[in-house]
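# Secondary and tertiary structure notes
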Amino acid sequence: MNTILRSGIVRRLAEAVVTLFGVAVVVFIMLRAIPGNQITANLGTEAAALTEAQRQQLEAYYGLDKPLFVQFFSWIGSIFTGNLGYSAQGHESVVSLTARSLPITVELAIFAVILGLLIGIPLGMLSASRPNSGRDAAAQAVGLAGLSIPAFLLAAAILAAVAQVFHYNPNGAGFATLLQDPWLNLQQLFMPALVLGFGLAAPIMRTARTALLEVRSQDFVRTAVGKGVPQRRVQFVHVLRNALVPIVTMTGLQFGYLLGGAVVVEQVFSIPGIGRQVLNGINQKEYAVVQSSVLVIALLFVIVNLLTDLLYRVIDPRVRAA
Amino acid sequence: MRSPRHTSRWAVASGAAVALALVIAGCSAGSPSTSSTAKSGGSLVVGITTDVLSLDPWKATQFQDVYDVLPSIYGTLTEFDKKLAVVPGLAKSWDTSSDGLTVTFHLRTGVKFHSGADFSSADVVSSLQKIKDPTTAAVGAASLANVASVAAPDANTVVLTLSSPDASLFAGLANINTSILSKADSEASIAAKPDGTGPYGFAARTPGQSLTLEANKSYWRGTPGLGSLEFRVIPEQQSIVSAMQAGNIQLAPIDDPVVAKTAQGGGLNVAKTAQLSYHVLQLNARHGDLTDLNVRLAIQCAVDRKEVLDTAALGAGSITGPITSPAYLSDPKDQPCPTADLAKAKKYLAASGKTDVTIDTIVSQGEYSTSVNEAQNLKSQLAKAGITLSLEILDNNTYVARWIAGTFDAAVALNGGNPDPNTMYGRYFTSTGNLNKVAGYATPELDKLFAEGRTTTDVAKRKDIYAQVSKDLTDNAAWVWLFTGYNYTATTKTVAGFTPMANGSLQFLRDTTVTK
């Protein structure tokens, strides 16, 4: 079994490396396919006033004068030495930029997942408790709203309403990390996490509903009810526990999306996470920042997926045995 | 070992507790226990939408750096007053020789850099020479193009020798891109810790988040109004307004009229000032059908500028002619079709002998809020005259790349203005101007007028020259000038003494105070 497990892990790792290389190639090409470069991004229309010599000087400064494949492999090569590049705008290495921004986005994503589960699973249970009833329809309507209201709209609306009515906007106070000021940090991440969590709750709710209905129709549930196990225990221990695998899969996948998808919400709530780092990088055409940040996000995505696989084994002994 | 069940129950319970606590906190109307909310003692936070790109005044090009942030840090030889007239700055006065080729600046005494070093003529000579040096790649080099040499006969006097008289020089020297830096500073030292003669000195910076300045106690005008001044990055203007309503930010420049309206409705003070920058339909008179003057005039006559302003910018602005510099303002009615005249447009088009006129027009999406609406309104108006605007709506980087290359028939644009009309249009509409390819129009007459304008120091004569420039541009429908919008400055009720400026500069933060 160990050999199988090990070969499975080796295969997954090999797949991960191929995936990451693919991401690196695609990001590299896409960035350069967009017209303009760091010079036009910095100078805007003033770039028209550059002399040929000045332009060449700037191209050499930003490393744009080298052939594309040289640019690509020198980037890939430096990644292996732990050098993700340098942000000319931030006067800082991408490693230290990312070391600051990534934990913030991860914290936001975890917070969002917790809120998503807290909203999604009870809704799913409510919905599954009496399929096709009024409460099912109501829960489904909430799920539909979660799916269809765009995050930017919900984010802007919540922010504007809360600020106008309650004069409360912790996000305007300058960002505090969890270590600097935990209370302010949690307040600052609550609204963005709620917006993301609400969007996440919809697929969780739908998955939960389907899984719960399926598990409930199984023999062991009937047996448990027949044995006189209390209803609440049947629902939480027997049904929910067994319905968790698809919910965990869904959540794991969504967690990966959250890392990249938090861009809009980070922008509206002024959260200095990795999403905003990528967006700033794109606006400023800082190739090194965008390429390396996207690669870090992709790496995290792969790791989360691996962890999700491992989590099955904890939740479901059947997977462990298989 | 704790069983998984216990773990999950514990996790759910604690997650619920945290969420509940936050909901309660979120709903309480009281202010949060933040460490950096508005304080008494003259602390002001300005909301800006993008991080400061460059703290080096010679290299800064981003609008927000040049106009919002850097004027608080650096000093210039001359300055603009509230009405954008040139007034003394680090130079308390100046004389120009009768031939206009020698300008002598008399410097203020007792001025200090934030580092504590004394300001003297040596710093001015070193700064101006470095700005002129092509290897510095300074943005302000063009302002000093006519400066042949810089000398310092004594510690408080600087003499500039010019290659030809230059009336734009004084406005050019008021620009933050020609700031005076200490001769001891280098590009690296400025990037790490800016050192200027301005009202506020560098205190701290968190990249992507904020820049904090503190009062320069030895500022030559006297101690500035604020003890500390923070520029805080909040990417969305609407989010900035929310932060102001919560009392976290006290002042913010806003350019979106819709956001300005919500700010006003939300209990904030909103001041509006007419902008120098102008919205325009640039025509490339060297491309296709637009080489024909009659086609260009047909376009000018078919466009109802008031309608563009009303539909695209909610009427927030005023119709404009070419020159927006307050002292040289063009009369917006002074053009072949002062108001839209469809019959005349059709007549011009018939005179051109062209029936199927299609103009490829580039439009930027996202750089400013009204661009696409302007383009669509123009398209529908010109359709009535039988002219097709074929719109290419592009992301800003692509737009800028195309604009610079001049590969368009027409461009819907928002171009920056300048207090000096020569600086504003010399580079566009002279045959050797570095943006002439983009402007698509130049004539020997215009070259001559701009050359005269540059060397004429008599204000009345200068006004007459630029009135002729303006007339030439509109008579020939070089472009179709549409309107100028407003800059808005939102402030909380606690802010006093701030004066907004037409160029968008926040230089009067030096006089601003905050009460509790």
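Here the residue numbering is sequential within each chain, running from 1 through the sequence in written order. Whichever chain is written first is A, and whichever ligand is written first is 1; the rest continue in order. Reporting of local features is limited, given that this is a predicted model, to residues whose pLDDT is at least 70; pairs of side-chain atoms are given and counted only at 80 or more, and all residues count toward the totals for whole chains, interfaces and linings. Where side-chain values are given, they derive from all heavy atoms of the structure, hydrogens and water being excluded.

### A few points about the overall build of chain A
We count it as follows: Strands here are runs of E lasting at least two residues and helices are runs of H or I lasting at least four, both read from the DSSP assignment and numbered beginning at the N terminus. Each residue gets one of three labels from its accessible area relative to the maximum for its type: buried under 20%, exposed over 50%, partly exposed in between, using a 1.4 Å probe on protein chains only. In this description, contact between two residues means that some pair of their heavy atoms is separated by no more than 4.5 Å. Exposure was quantified through the Shrake-Rupley algorithm and a 1.4 Å probe, taking into account, for residues, occlusion by the shown protein chains and nothing else.
A tally of helices and strands in chain A yields 14 helices and 2 strands. With the principal axes as the frame, chain A shows a C-alpha extent of 85 × 60 × 35 Å. Classification of the 322 residues of chain A by burial places 46% in the buried group. Contacts in chain A between residues at least 24 apart in sequence constitute 73% of all its contacts with a sequence separation of at least 6. Surface accessibility of chain A: about 15,300 Å² in total, with carbon and sulfur atoms responsible for 69%.

### Quick notes on the overall build of chain B
Counted only if it meets this: Taken over C-alpha atoms, the radius of gyration is set against a globule rule of 2.2 Å times the number of residues to the power 0.38. Charge convention: Lys and Arg are scored as positive, Asp and Glu as negative, and His as well as the terminal groups of each chain are ignored. In this description, the location of a charge corresponds to atom NZ of lysine, CZ of arginine, CG of aspartate or CD of glutamate.
Counting its regular elements, chain B contains 16 helices and 21 strands. Against the compact-globule benchmark of 24 Å for 516 residues, chain B has a radius of gyration of 26 Å, which places it among compact chains. In terms of principal-axis extent, the alpha carbons of chain B reach across some 90 × 70 × 45 Å. Burial status across chain B gives 55% buried among its 516 residues. Across chain B, the 43 positively charged side chains and the 45 negatively charged ones have centroids separated by 7 Å.

### Quick look at the pairing of strand β4 (residues 91–96) of chain B
Residue and element names in this part refer to chain B. Short version of the rule: Whether two strands pair depends on DSSP finding at least two bridges between them.
Pairing between β4 and strand β5 (residues 102–107): 5 bridges, direction antiparallel. Residue pairing across strands places Ala 91 opposite Leu 107, the latter belonging to β5. The loop that links β4 with its antiparallel partner β5 comprises 5 residues; one of these, Gly 100, has a positive phi angle of about 75 degrees.

### A short note on empty space enclosed by the protein
Stated formally: Grid points spaced at 1 Å over the protein atoms alone were grouped into cavities, where a 1.4 Å probe fits but cannot get out, and pockets, open sets with protein on both sides within 12 Å along at least five of seven lines, with lining residues defined by an atom within 4 Å of a point. Grid points are joined across faces, edges and corners, and a volume is the space filled by probe spheres set on the points. Side-chain classes are defined by residue name, with Ala, Val, Leu, Ile, Met, Phe, Trp, Tyr, Cys and Pro counting as nonpolar, Asp, Glu, Lys and Arg as charged, and the others, Gly among them, as polar.
Summed over all chains, the structure comprises 4 cavities of 30 Å³ or more. Considered as a void within the structure, the largest cavity measures approximately 290 Å³ in volume. Considering the residues around the largest cavity, the lining is formed by 19 residues, among which A:Leu97, A:Gln277, A:Asn280, B:Pro207 and B:Gly208 are closest to the centre. Of all the secondary structure elements, the ones that give two or more residues to the lining of the largest cavity are α5 (94–129) and α12 (274–283) of chain A. Partitioning the lining of the largest cavity into residue classes produces 5 nonpolar, 10 polar and 4 charged. The volume enclosed by the second largest cavity comes to roughly 90 Å³. Lining of the second largest cavity is provided by 13 residues; of these, A:Gly174, A:Phe175, A:Ser270, B:Gln209 and B:Val233 occupy positions nearest its centre. For the lining of the second largest cavity, the class distribution of residues is 5 nonpolar, 6 polar and 2 charged.

### Re the packing of aromatic side chains
Note the cut-off: Aromatic pairing here means that ring centres of Phe, Tyr or Trp (its six-membered ring) are within 6.5 Å. Orientation follows from the plane angle: under 30 degrees is stacked, over 60 is edge-to-face, and everything else is tilted. In our convention, an over-ring charge means Lys NZ or Arg CZ found within 6 Å of a ring centre and within 35 degrees of that ring's normal.
Under the definition given, this model contains 26 aromatic pairs over all chains. Pairing A:Phe72 with A:Phe73 gives two aromatic rings, centres 5.1 Å apart and planes at 85 degrees, and the pair type is edge-to-face. Their ring planes at 55 degrees and their centres at 6.3 Å tell us that B:Phe429 and B:Trp481 sit as a pair that is tilted. In this pair, B:Phe429 sits in helix α13 (residues 421–429) while B:Trp481 sits in strand β18 (residues 479–484), placing the two residues 52 residues apart along the sequence. Of the two residues, B:Phe429 and B:Trp481, neither departs from the other in class, the shared state being buried. One aromatic cluster is present, formed by B:Tyr278, B:Trp403, B:Tyr425, B:Tyr428, B:Phe429, B:Tyr441, B:Trp479 and B:Trp481 through successive ring pairs. The aromatic ring of B:Phe508 is capped on one face by B:Lys82, whose charged end is 5.8 Å from the ring centroid.

### Re unusual backbone geometry
Of note in the backbone geometry, A:Asn132 takes a positive phi value of approximately 60 degrees without being a glycine. Counting through the fold element by element, A:Asn132 comes out in the loop between α5 and α6 (134–148). By relative accessible area, A:Asn132 is classed as exposed at 73%. One non-glycine residue, B:Leu84, adopts positive backbone phi at about 70 degrees. Counting through the fold element by element, B:Leu84 comes out in the loop between β2 (78–80) and β3 (86–88).

### So, the nonpolar core
Considering soluble globular proteins, one finds that nonpolar side chains tend to be buried as a cluster. Definition in use: Grouping buried Ala, Val, Leu, Ile, Met, Phe, Trp, Tyr and Cys residues that are joined through side-chain atoms within 4.5 Å yields what is termed a nonpolar core.
Counting residues in each nonpolar core, the largest one holds 97 residues, and the members touching the most others are A:Phe269, B:Trp403, B:Tyr425, B:Tyr428, B:Phe429 and B:Trp479. When neighbours within four sequence positions are excluded, A:Phe269 is seen to be in contact with A:Ala155, A:Leu159, A:Asn171, A:Met191, A:Pro192 and A:Val195. Core analysis: the next-biggest nonpolar cluster, separate from the first, contains 55 residues, B:Ile73, B:Val111, B:Val124 and B:Phe231 among them.

### A closer look at the packing of α5(A) against α6(A)
Residue and element names in this part refer to chain A. The following threshold applies: Between N-to-C directions, angles cover 0 to 180 degrees, with each direction set by a line fitted to C-alpha atoms, over the stretch in contact for helices. Every angle not falling under 35 degrees, over 145, or within 65 to 115 is termed oblique; those three ranges are roughly parallel, roughly antiparallel and roughly perpendicular. Crossings are classed by handedness, with left-handed meaning an anticlockwise turn of the near helix from the far one by less than a right angle and right-handed meaning a clockwise turn.
In the contact formed by α5 and α6, the axes pass within 7 Å of each other and the chain directions differ by 150 degrees. Overall, the two elements α5 and α6 adopt an arrangement that is roughly antiparallel. For the pair α5 and α6, the sense of crossing is left-handed. Every residue of α6 that contacts α5 at Leu 123, Leu 126, Ser 127 and Ser 129 is listed here: Arg 135, Asp 136, Ala 139, Gln 140 and Val 142. Among the residues forming the contact of α5 with α6, the class breakdown is 4 nonpolar, 3 polar and 2 charged.

### Some thoughts on the side chain of B:Ser182
Mapped onto the secondary structure, B:Ser182 falls in the loop between α4 (169–173) and α5 (187–192). Setting aside anything within four residues of it in sequence, one finds B:Ser182 in contact with B:Phe113, B:Asp123 and B:Asp195.

### Description of the pairing of strand β8 (residues 200–206) of chain B
Residue and element names in this part refer to chain B. Bridge count for β8 against strand β9 (residues 210–215) is 6 bridges, and the pairing is antiparallel. Directly across from Tyr 200, in β9, lies its bridge partner Ala 215. Here β8 folds back onto β9, and the loop between the two strands holds 3 residues, one of which, Gly 208, carries a positive phi near 80 degrees.

### A short note on the sheet that holds β4(B)
Residue and element names in this part refer to chain B. Strand order in the open sheet formed by 4 strands is β4-β5-β7-β6, with antiparallel pairing between adjacent strands. Strands with a single pairing partner mark the edges of an open sheet, and in this sheet they are β4 and β6 (147–154). With direction set aside, neighbouring strand axes in the sheet form an average angle of 20 degrees. Against the sheet, helix α3 (residues 121–132) makes contact with β5, β6 and β7 (157–162), and its axis sits at roughly 165 degrees relative to β6, the strand it touches most.

### Let's talk about the pattern of salt bridges
Residue and element names in this part refer to chain B. Convention followed: Salt bridges are defined as contacts in which a side-chain nitrogen from Lys or Arg sits within 4 Å of a carboxyl oxygen from Asp or Glu.
All told, the structure shown has 16 salt bridges over all chains when counted by the stated rule. A salt bridge links Lys 59 to Glu 187; the nearest nitrogen and oxygen atoms lie 2.9 Å apart. Residue Lys 59 is found in the loop between β1 (43–48) and α2 (63–69), and its partner Glu 187 is found in helix α5; the two are separated by 128 residues along the sequence. Linking Asp 118 and Lys 112 is a salt bridge whose minimum nitrogen-to-oxygen distance equals 2.8 Å. Take Asp 118: its relative accessible area is 51%, and that puts it in the exposed class. Several salt bridges converge on common partners, so that one network encompasses Glu 79, Arg 221 and Arg 510.

### Re the domain arrangement of chain B
By convention, interface size is frequently given as the accessible area that disappears when the constituent parts associate. All names here are of chain B. Our working definition: Start and end positions for the domains come from either an automated domain assignment or a database one. The quantity reported as buried area is the accessible area (1.4 Å probe) lost by two parts once they are put together, taken as the sum for both. Each polar contact in these results corresponds to two N or O atoms within 3.5 Å; when the atoms are within protein, one needs to be able to donate a hydrogen and the other to accept it, and residues that are neighboring in sequence are counted only if both atoms are side-chain atoms.
Domain boundaries in chain B define domain 1 (1–29 + 75–189), domain 2 (32–73 + 198–274 + 487–516) and domain 3 (278–484). Contact with domain 1, which involves 28 residues of that partner, is made by 25 residues of domain 2. For the pair domain 1 and domain 2, the two sides together bury roughly 2,000 Å², of which 61% comes from carbon and sulfur. Broken down residue by residue, the surface that domain 1 buries against domain 2 is led by Lys 82, His 114 and Ile 176, which jointly contribute 30%. If you look at where domain 1 meets domain 2, you find 3 salt bridges. The interface formed by domain 1 and domain 2 holds 11 residue pairs in polar contact (both at pLDDT 80 or more) in total. Contributions of two or more residues to the side of domain 1 that touches domain 2 are made by β2 and α3. Looking at the side of domain 1 that touches domain 2, the element that brings in the most residues is α3, giving 3 residues.

### Some points on the domain arrangement of chain A
Residue and element names in this part refer to chain A. Partitioning chain A into domains gives domain 1 (2–94) and domain 2 (96–321). Computed from C-alpha coordinates alone, the two centres of domain 1 and domain 2 are separated by 31 Å. Surface buried jointly by domain 1 and domain 2 totals about 2,500 Å² across both partners, of which 61% is contributed by carbon and sulfur atoms. A per-residue breakdown of the area domain 1 buries against domain 2 is headed by Arg 12, Leu 31 and Val 94, which together make up 24% of the total. Where domain 1 packs against domain 2, one counts 1 salt bridge. A salt bridge links Arg 100 to Glu 92, with the shortest nitrogen-to-oxygen separation between them at 3.0 Å. The interface formed by domain 1 and domain 2 contains 11 residue pairs in polar contact (both at pLDDT 80 or more).

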